[in-house]
Amino acid sequence: MVLLLEEIYKIKKPQYSQHFNLRVQRGLSWLKKSIELDQELEFKFISLWISFNSIHAHEGAANPEQHCLHQFLEQLCQKDVDQKLSHIVWEKYSQPILSLLDSPYTDQGFWDYRHHKISLQSCQEALAQQKHQLQQALQERNLSKILFAIFKRLSTLHQQMLQGGTTCHSALNRKQLQDGCRVLAALMPVFIHILLENSAALDSGKPFYPAVQMS
């Protein structure tokens, strides 16, 4: 799939803006790297997360991982004419997705409670509310809401790793890491393909850290 995406990108590259090309180039490079890291889940997950950030984070966002994320996912869903995202979420990867969404260890509120930032009651109320919202989204088959919930959970896992909150090769978070890698590895090629086919509508402007050549 990555080789096909690279070929599409090379053929259509002259049609795209400079900023769009940089996003796709970066996204593809990290997606390609992640394929080599099947035996190193921590680094595979990080590579996949960088690939995702490459294609959607843009200059001017206060928080590059969350700003306009729901809107970006909604746009992808609207442009997914072949319903590949629906197939991933509702059928092929429904089990790891439900596992991620059901786990308290990928919920930031759980960790806020553990860090004494919120009370147990607040944590439990928030988890109950989230569970209700997720059940409603699942019943309505609201694809963009489910994707948004998935990426909020993945963001928690990412922050946990990058802030030194895990041990490399630890068994404690292995299940969440495995599920996260499986889901991201399935979604990213489809995300990039949708971008390549809808550049005019999905070109989100200047990316973070544009390429600069030093003289």
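Throughout, a residue's number is its position along its own chain's written sequence, starting from 1. The predicted nature of this model means local features are confined to residues of pLDDT at least 70 and side-chain atom pairs, given and counted, to a pLDDT of 80 or more, with totals for whole chains, interfaces and linings taken over all residues. Think of the side-chain values as coming from all heavy atoms in the structure, minus any hydrogens and water.

J.: Just checking my understanding: could you explain the overall build of the chain for this structure?
T.: In terms of regular secondary structure, the chain is built from 11 helices and 0 strands. Starting at the N terminus, the α and β elements of the chain follow one another as α-α-α-α-α-α-α-α-α-α-α. Relative to a compact globule of 215 residues, whose C-alpha radius of gyration would be 17 Å, the chain shows 18 Å and is just as compact. A principal-axis box enclosing the C-alpha atoms of the chain has dimensions of 55 × 45 × 35 Å. For every residue, the accessible area obtained with a 1.4 Å probe (protein chains only) is divided by the maximum for its type, and the residue is called buried under 20%, exposed over 50%, and partly exposed between those limits. Taking all 215 residues of the chain together, 46% fall into the buried category. Within the chain, residue pairs in contact and separated by at least 24 positions form 75% of the contacts whose partners lie at least 6 positions apart. About 12,000 Å² of surface is accessible on the chain, with carbon and sulfur atoms providing 52% of the total. Elements are defined by DSSP. Helices are runs of H or I of four residues or more, strands are runs of E of two residues or more, and each kind is numbered from the N terminus. This radius of gyration counts C-alpha atoms alone. The globule rule is 2.2 Å times how many residues there are, raised to the power 0.38. Any pair of residues with heavy atoms lying within 4.5 Å of one another is described as a contacting pair. To measure how exposed things are, a 1.4 Å probe is used in the Shrake-Rupley method; for residues, cover is taken only from the protein chains shown.

J.: When you look at the nonpolar core in this model, what are you seeing that I'm missing?
T.: Considering soluble globular proteins, one finds that nonpolar side chains tend to be buried as a cluster. For the purposes of this section, nonpolar cores are sets of buried Ala, Val, Leu, Ile, Met, Phe, Trp, Tyr and Cys residues that join through side-chain atoms within 4.5 Å. In terms of nonpolar packing, the biggest core is built from 53 residues, with L85, F151 and F191 touching the most fellow members. The element contributing the most residues to this core is helix α10 (residues 174-197), with 13 residues. With residues near it in sequence (within four places) discarded, F151 still touches W49, F52, L69, L73, L184, L187 and F191.

J.: Please explain helix α8 (residues 120-140) as it appears in this structure.
T.: For an α-helix the count is 3.6 residues per turn, leaving residues at separations of three or four pointing the same way. Expected helix span is given by 1.5 Å per residue-to-residue step, counting one fewer step than there are residues. Here α8 contains 21 residues, and its C-alpha end-to-end distance of 30 Å stays within 8% of the 30 Å for a straight helix at 1.5 Å per residue. The complete set of buried residues in α8 reads C123, L134 and A137. Along the axis of α8, the buried positions cluster into a sector of 60°, meaning they face one direction only. In α8, the exposed positions angled more than 90 degrees off the buried face are occupied by Q121, H132 and Q139. Against the buried residues of α8 lie α5 (84-92), α6 (94-102), α7 (108-114) and α9 (143-162). Looking one or two places after α8, you find R141, whose phi comes out positive at around 50°. In this context, the arc is that of the directions from the helix axis out to the C-beta atoms.

J.: Help me understand unusual backbone geometry in this model?
T.: Trans peptide bonds make up most of the peptide bonds, and negative phi angles are found at most residues other than glycine. Positive phi, normally seen in glycine, also occurs at R141, with a value near 50°. Examined against the element boundaries, R141 turns out to sit in the loop between α8 and α9. Here H169, not a glycine, exhibits a phi torsion of approximately 65°, which is positive. The residue H169 is located in the loop between α9 and α10 in this model. We classify H169 as partly exposed; its relative accessible area is 45%.

J.: Hey, could you run me through the packing of helix α4 (residues 69-79) against α10 in this one?
T.: A pair of packed helices is characterised by two quantities: the angle between their axes and the separation of those axes. Structural elements are reduced to axes, namely lines fitted to C-alpha atoms, with helices fitted over the stretch in contact, and the angle between N-to-C directions of any two is expressed from 0 to 180 degrees. For the pair α4 and α10, interaxial distance at closest approach is 10 Å and the crossing angle is 75°. Classified by the angle their axes make, α4 and α10 are roughly perpendicular. Of α10, the residues touching α4 (which contributes F72, L73, L76 and K79) are F191, I194 and L195. Any angle that is under 35 degrees is reported as roughly parallel, and any over 145 degrees as roughly antiparallel; angles of 65 to 115 degrees are reported as roughly perpendicular and all others as oblique.

J.: What is the right way to read the packing of α6 against α10 from this model?
T.: Contact geometry for α6 and α10: axes closest at 9 Å, N-to-C directions at 130°. In terms of axis orientation, α6 runs oblique to α10. For α6 against α10, the interelement crossing comes out left-handed. Touching P96, I97, S99 and L100 of α6 are K175, Q176, D179, G180, R182 and V183, all from α10. For the contact of α6 with α10, the per-class residue count stands at 4 nonpolar, 3 polar and 3 charged. In this scheme the handedness of a crossing depends on how the near helix is turned from the far one: anticlockwise by less than a right angle means left-handed, clockwise means right-handed. In this count, Pro and Cys sit with the nonpolar residues alongside Ala, Val, Leu, Ile, Met, Phe, Trp and Tyr, while Asp, Glu, Lys and Arg are called charged and the others, Gly among them, polar.

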